[in-house]
2 protein chains.
Amino acid sequence: MSYGGRLTADAGASAGLVEVRRHNLALVLAHLRSSGARSRATIAAETGLTRSTVSSLVAELAERGLVAEGATARGGVGRPSQPVDLDGAHFFTVGAEVDLDHLAVTALDVRAEVVAERWVPLDAGALRATAVLGRLAGLVGEVTAQLRRSGRELVGITLAVPGLVEQPTGRVLSAPNLGWADIDVVDVVRGLLDEPACPLLIDNEANLAARAEVSTGDRVGVRDLVLLTGGIGVGAGVVAGGHLLRGVHGFAGEVGHMQLDPGGQPCGCGRRGCWETQVGLNALLAAAADEGDAVRDPALDVRRRLETLAARAEDGDARTLEALERTAGWLGAGAGVLVNLFNPELLVLGGYFAVLGRWLADPVAAALPARVFAPRSGGCRVEPSTLGYSAAARGGALEALSRIFADPTAVAVRSSPPTRPAPVPSGAPA
Amino acid sequence: MSYGGRLTADAGASAGLVEVRRHNLALVLAHLRSSGARSRATIAAETGLTRSTVSSLVAELAERGLVAEGATARGGVGRPSQPVDLDGAHFFTVGAEVDLDHLAVTALDVRAEVVAERWVPLDAGALRATAVLGRLAGLVGEVTAQLRRSGRELVGITLAVPGLVEQPTGRVLSAPNLGWADIDVVDVVRGLLDEPACPLLIDNEANLAARAEVSTGDRVGVRDLVLLTGGIGVGAGVVAGGHLLRGVHGFAGEVGHMQLDPGGQPCGCGRRGCWETQVGLNALLAAAADEGDAVRDPALDVRRRLETLAARAEDGDARTLEALERTAGWLGAGAGVLVNLFNPELLVLGGYFAVLGRWLADPVAAALPARVFAPRSGGCRVEPSTLGYSAAARGGALEALSRIFADPTAVAVRSSPPTRPAPVPSGAPA
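Just so you know, these numbers come straight off a predicted model, no measurement behind them. (Residues numbered from 1 in each chain as written. Chains lettered and ligands numbered in written order. Predicted model: local features only at pLDDT ≥ 70, side-chain atom pairs only at ≥ 80, totals over all residues. Heavy atoms only, no water.)

## Some remarks on the packing of aromatic side chains
The cut-off we apply is this: Any Phe, Tyr or Trp ring, taking Trp's six-membered ring, that has another such ring centre within 6.5 Å forms a pair; planes under 30 degrees apart are called stacked, those over 60 apart edge-to-face, and the others tilted. Two conditions define a charge sitting above a ring: the NZ of Lys or the CZ of Arg must be within 6 Å of the ring centre, and it must be within 35 degrees of the ring normal.
Taken as a whole and judged by the stated rule, the model has 5 aromatic pairs over all chains. The ring of Phe 405 of chain A carries the charged tip of Arg 33 of chain A above its face, separated from the ring centre by 4.1 Å. The ring of Phe 91 of chain B is capped by Arg 414 of chain B, whose NZ or CZ atom sits 5.9 Å from the centre of that ring.

## A few points about the pairing of strand 11 (residues 225-230) of chain B
Residues and elements named next belong to chain B. Where we set the bar: Partly exposed describes any residue whose relative accessible area lies between the buried limit of under 20% and the exposed limit of over 50%, with all areas from a 1.4 Å probe on protein chains only and scaled to the type maximum. Going along the chain from the N terminus, every DSSP run of H or I of four or more residues is numbered as a helix, and every run of E of two or more is numbered as a strand. A pair of strands is labelled paired if DSSP reports no fewer than 2 bridges between them.
Counting buried positions over the 6 residues of strand 11 gives 6, a clear majority of the element. Residues of strand 11 alternate between two faces, with Leu 225, Leu 227 and Thr 229 on one and Val 226, Leu 228 and Gly 230 on the opposite face, all of them buried. Linkage of strand 11 to strand 12 (residues 234-240), two consecutive antiparallel strands, is achieved through a turn of 3 residues. Note that strand 11 and strand 14 (residues 346-351) share 6 bridges and pair parallel. Each residue of the ladder has a partner; that of Val 226, found in strand 14, is Leu 347.

## A word on the side chain of Glu 205 of chain B
Residues and elements named next belong to chain B. Short version of the rule: Under this rule, positive means Lys or Arg and negative means Asp or Glu; His and the chain ends count for nothing. Here, a salt bridge means any Lys or Arg side-chain nitrogen found within 4 Å of an Asp or Glu carboxyl oxygen. In what follows, residue pairs with any heavy atoms lying within 4.5 Å of each other are defined as contacts.
Structurally, Glu 205 can be placed in helix 6 (residues 205-213). Of the side chains with opposite charge, Arg 246 lies nearest to the buried Glu 205, which makes no salt bridge, at 13 Å. If we ignore the near neighbours within four places in the chain, the residues touching Glu 205 are Glu 97, Asp 99, Ala 160, Val 161, Pro 162, Thr 229 and Ala 392.

## A few points about the sheet that holds strand 12 of chain B
Residues and elements named next belong to chain B. Threshold: The axes used here are C-alpha line fits, helices contributing only the stretch in contact, and every angle between their N-to-C directions lies in the interval 0 to 180 degrees.
The 5 strands lie next to each other as 13-12-11-14-15, forming an open sheet whose pairing is mixed. Every other strand in the sheet has two partners, leaving strand 13 (243-244) and strand 15 (381-384) as the edge strands with one partner each. Here strand 12 pairs with strand 13 via 2 bridges, running antiparallel. Among the inter-strand pairings, Ala 240 is bridged to a residue of strand 13, identified as His 243. Strands strand 11, strand 12, strand 13 and strand 14 of the sheet are contacted by helix 6, whose axis makes an angle of about 125 degrees with strand 11. Running over the sheet, helix 12 (residues 357-367) touches strand 14 and strand 15 and is turned about 175 degrees from strand 15.

## Focus on the relation of the copies chain A and chain B
The line we're drawing: Residues reaching a pLDDT of at least 70 in both copies supply the C-alpha atoms on which the copies are superposed by least squares.
Overlay of chain A on chain B (RMSD 0.0 Å): rotation 180 degrees, translation along the axis 0.0 Å. Taken together, the rotation angle and the small translation identify this as a two-fold axis. When you check the interface residues of chain A against chain B, 100% turn up at the interface there too, and the contact is symmetric in its surfaces.

## Details of the interface of chain A and chain B
Defined as follows: The term buried area denotes the loss of accessible surface (1.4 Å probe radius) that occurs when two parts are joined, taken as the sum for both partners.
If you look at the interface, chain A gives 49 residues, while chain B gives 49 residues. In this assembly, chain A packs against chain B so that about 3,900 Å² is buried in total across both faces, 62% of it on carbon and sulfur atoms. It is Arg 271, Leu 341 and Phe 373 of chain A in chain A that bury the most area against chain B; as a group they hold 20% of the surface buried on that side. At the boundary of chain A and chain B, one finds 0 salt bridges.

## Some thoughts on the sheet that holds strand 7 (residues 164-165) of chain A
Residue and element names in this part refer to chain A. Strands sit in the order 7-8-9 across an open sheet of 3 strands; the sheet is antiparallel. A strand with exactly one partner marks an edge of an open sheet, and here the two such strands are strand 7 and strand 9 (180-183). Where strand 7 and strand 8 (residues 172-175) come together, 2 bridges link them in antiparallel fashion. Within the sheet, the bridge partner assigned to Val 165 lies in strand 8 and is Val 172.

## Side note on the pattern of salt bridges
Under the definition given, this model contains 44 salt bridges over all chains. Here Arg 111 of chain A makes a salt bridge to Asp 85 of chain A, at a shortest N to O gap of 3.0 Å. Of this pair, Arg 111 of chain A sits in the loop between strand 4 (102-108) and strand 5 (114-121) while Asp 85 of chain A sits in strand 2 (residues 84-86); the two residues are 26 residues apart in sequence, bridging distant segments of the chain. Look at Arg 111 of chain A and you get partly exposed, because its relative accessible area is 35%. Residue class for Asp 85 of chain A comes out buried when judged on its relative accessible area of 18%. With a shortest N-O distance of 2.7 Å, Glu 383 of chain B and Arg 381 of chain B are connected by a salt bridge.

## A word on the packing of helix 4 (residues 129-149) of chain B against helix 5 (residues 185-192) of chain B
Residues and elements named next belong to chain B. For the record, the criterion: Just so you know how the angles are binned, under 35 degrees is roughly parallel, over 145 roughly antiparallel, 65 to 115 roughly perpendicular, and the rest oblique. Crossings are classed by handedness, with left-handed meaning an anticlockwise turn of the near helix from the far one by less than a right angle and right-handed meaning a clockwise turn. Under the scheme applied here, ten amino acids are nonpolar (Ala, Val, Leu, Ile, Met, Phe, Trp, Tyr, Cys and Pro), four are charged (Asp, Glu, Lys and Arg), and all others, including Gly, are polar.
Helix 5 packs onto helix 4 with a crossing angle of 55 degrees between their chain directions and a minimal axis gap of 9 Å. Here helix 4 is positioned oblique relative to helix 5, judged by the angle of their axes. For the pair helix 4 and helix 5, the sense of crossing is right-handed. Across the interface between the two elements, Leu 133, Gly 134 and Ala 137 from helix 4 touch Val 185, Val 188, Val 189 and Leu 192 from helix 5. Per-class residue counts for the contact of helix 4 with helix 5 are 6 nonpolar, 1 polar and no charged.

## What to know about the nonpolar core
Grouped burial of nonpolar side chains is what soluble globular proteins tend to show. Stated formally: Grouping buried Ala, Val, Leu, Ile, Met, Phe, Trp, Tyr and Cys residues that are joined through side-chain atoms within 4.5 Å yields what is termed a nonpolar core.
One finds Trp 180 and Leu 228 of chain A together with Trp 180 and Leu 228 of chain B to be the most contacted residues of the largest nonpolar core, which totals 196 residues. Apart from the residues lying within four places of it in its own chain, the contact partners of Trp 180 of chain A are Val 98, Ala 129, Val 132, Leu 133, Val 161, Val 172, Leu 173, Ser 174, Ala 175 and Val 185 of chain A.

## Brief notes about helix 1 (residues 17-35) of chain A
Residue and element names in this part refer to chain A. Heads up, the condition is: Working rule for helices: expected span equals 1.5 Å times residues minus one.
Between its first and last C-alpha, helix 1 extends 26 Å over 19 residues, near the 27 Å set by a 1.5 Å rise per residue. Along helix 1, the positions that sit buried rather than exposed are Val 20, Asn 24, Leu 25, Ala 26, Leu 27, Val 28, Leu 29, Ala 30, His 31 and Leu 32. Just downstream of helix 1 lies Gly 36, where phi reads positive at about 90 degrees.

Shown next, in the form of structure tokens:
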């Protein structure tokens, strides 16, 4: 989420030259990402590297298919300046999410633009792990085949799961709502995909969704953010001081099983009064509708069910509004603990909390001052996510992209450098 | 808490040379701190810098009084190797803590060895802020005068307070147990001290105590640690991924006012059921003894009162043991939330929790598996602090030292370089 300053090397330090080169390639790539298309001269001025070094770095990045020269800038005198920009034409990464009620796949190009997406409702808890992962691998295969036809190469996949992911092993130790315990999901998915050379990572879905939040729109640059993902389970992804909070084995951010009410309802994890029993989707649905009601049918698309619920709330249905109020109350109670602990600039409500954000965000914000020790809730704002149900998949694709941005030499020099028409100098005969 | 790799510069990058030099001075200094006394040749081999660069850097650090050549290493052939080491003889930093029941001052030399200490019991809540800070400034003045007589120079002070410290302004927004609200403590203390040129910082006492924990003994290198400080109030200092967790305005780690029991006792902050009402020292003392009992007298030294309590527990006094068990139970409840959120490698019990650690640490560790979602409590161990009641003061002095380690040019080249006897080559006539 950040990049360091320039590194230069004297000729004697030859052992470090490869490292310095790699660092500087990453520096130029990250600068283009954060600052947009610009000329070699501007890049040189802004990074402190020499113009000749920048030219050489840009040439290598172009050979690797990561940057391209854009349209010729016009209007100046002398030789036209050709802005350099990230090139989205050659590579893509994939984020692939399993959640309790859906699968999601997002593919991004190097410019972090969505080039393919899939979203499939699925009652994952009713299926075996291999069946769920088979469906997910099928979606990834579909997207990959589609993008290969447009000449793009797959350079990384990150899987997102709602459970405890042990780092660095990547084993899913526990995802009780899915009924998963100690599964090497990466190994299973690798066996189902025909991509032996493609880097395959895995992370908790809330961690990846938080990464997507701080990489998107006006949240870029937010260094202290808590993202809550509302689904059957409840997760948190925490960015603290610009870094994703992981803990010693990758288990940080387990908010769903905070015990906020010692005398509360039994939880699927075997304990009582966990936050998930108060603000998980099933608690809301149970309060809002009787058992036979379609909004409670896990076989139906969760997005449609939430639309129905939102329509009832807009119509002023008392039971729906009461259920939302109750959810907002407990959401505020847990949010108070999190805001006291993390002092975030922003608390983002994701998943179903975002879909029903109109009834949840303001009550949570209003509840904070009574629960947060710091004045004015420590400066924390509460906002719904704008990324919808695809945040974790998007975060997964971003995570895979970040590997390329950290080390642009991770993608090979292309055998035939991309050919482009020579630029036509302004004023030359057409 | 970490330092980067070597930086080298080509001759053309003259604008960066000062920065590179400063970075490399810091690199050598940090290397000596983490690895101990060693020869220039060894430093060169271990840092990747050339021998001539290391010689020049060591010479400058010696001129600044930060390193010295140690005893001549014997036993080898050829010219004896003279190990270079941190020099504790010339500088010191001070950490000065206000707590509810005591003041503490710790002075450290550059080797992080304690060169002076003060500990004074004080019922700070019964005095006005300026009176408390006057006493604190007096202790700092005493220590400074003592160390100046031994030829040492004061190069930094950090104040530690049990309250909300807004960063980067350093204002103490709220310390309700002290009755402080929105006080510019740095400004007050600067006015009371006669040290206009000395850098004066301030931080929350638990943050500084956490810094001391991860800088001491076998906890050096622990990257994920939660320190709980038990006193009248309860604080947490969190180190996550090697960084102190601060939040957007410095308010992170406010555990004392986590609401763990919606129907609980009223808290000094105006809310109900805050963790402080369950595990703060006053809750323990109220459960353990009647009102007239000396252990509850805030005018008496808290260390003596805790010794009395410990003696009663060792004698098997039922009321004392029940009170400790109750405290351990609530300590485990809150610790469960923290371990779920931070997945620390280590939960350290500080302040009075450490003094009574024999009755608290094991029950808290035993309570975690039932409260923590990750298996085996996410790998978290629970240990009492070994730093006693001086952890925050020690952390403050370390914080001030870290400024020198980050930029060794912050201390001036000494007008008369330290004179030392010329080393006598082994075998030369004496």
